[in-house]
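# Structural overview for review
Listed here are the chains, written in short residue letters.
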Amino acid sequence: MDLEQEGNPNCTVETLRWIHVHKTAVLLKASVTSGAVIGGANKDDVARLGDFAEKIGLAFQIRDDVLDETQTSEVLGKTAGKDAAVYKATYPRLLGLAESRNQATQLVTEAKQILEKYGERSATLNSLADLIISREK
């Protein structure tokens, strides 16, 4: 689906969200929920942590799209601007940089709200969410 949208001027935000949820967010969701299951979490907690991970996974991908347009290849350690070169479906292309940043920040805020009931036990996951939104490469 991701590759099918390259060069597609009709790609929607909904389609892009589906791609990112099923490509990037699912990897974080699998990692976080696996840890929860191994740690003995109940079904409600596993589901809650899955929701958290999906939100930060989507935020990670949005941030990645933003960085591809705003950073240099030297900083990123990979070719900057490659998404635009192939007219890849990205949040900045569809929504602009400012709104993309806003959406990523909102997703991290929502993700951290999901963890509020866990108090200090969620500090590591909250730090991960902060890292995702603040990373520069």
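Up top is the structure.
Residues numbered from 1 in each chain as written. Predicted model: local features only at pLDDT ≥ 70, side-chain atom pairs only at ≥ 80, totals over all residues. Heavy atoms only, no water.

Owing to its 3.6 residues per turn, the α-helix brings residues three or four apart onto one side. Taking 1.5 Å per residue, 12 residues should reach 16 Å; helix 7 (residues 123-134) reaches 16 Å between its end C-alpha atoms and fits that length. Three or more residues of helix 7 are buried, namely N126, A129 and I132. One side of helix 7 carries all its buried residues, which in axial view fall inside an arc of 115 degrees. Pointing more than 90 degrees away from the buried face of helix 7 are the exposed residues T124 and L131. (Helix = DSSP H or I, 4+ residues; strand = E, 2+ residues; numbered from the N terminus. Expected span 1.5 Å × (residues − 1). Buried < 20%, exposed > 50% of the residue type's maximum accessible area, 1.4 Å probe, protein only. Arc of directions from axis to C-beta.)

Attention shifts here to the side chain of D65. The topology assignment puts D65 in helix 2 (residues 43-70). One buried charged residue, D65, remains without a salt bridge, the closest side chain of opposite sign being K88 at 5.9 Å. Apart from the residues lying within four places of it in its own chain, the contact partners of D65 are H20, D83, T90, Y91 and P92. (Lys, Arg positive; Asp, Glu negative; His and termini not counted. Salt bridge = Lys/Arg side-chain N within 4 Å of Asp/Glu carboxyl O. Contact = heavy atoms within 4.5 Å.)

With respect to the helices, strands and loops of the structure, D130 is situated in helix 7. Classification of D130 as partly exposed rests on a relative accessible area of 34%. Residues D130 and T105 lie 25 residues apart in sequence; the distance between their C-alpha atoms is 9.3 Å.

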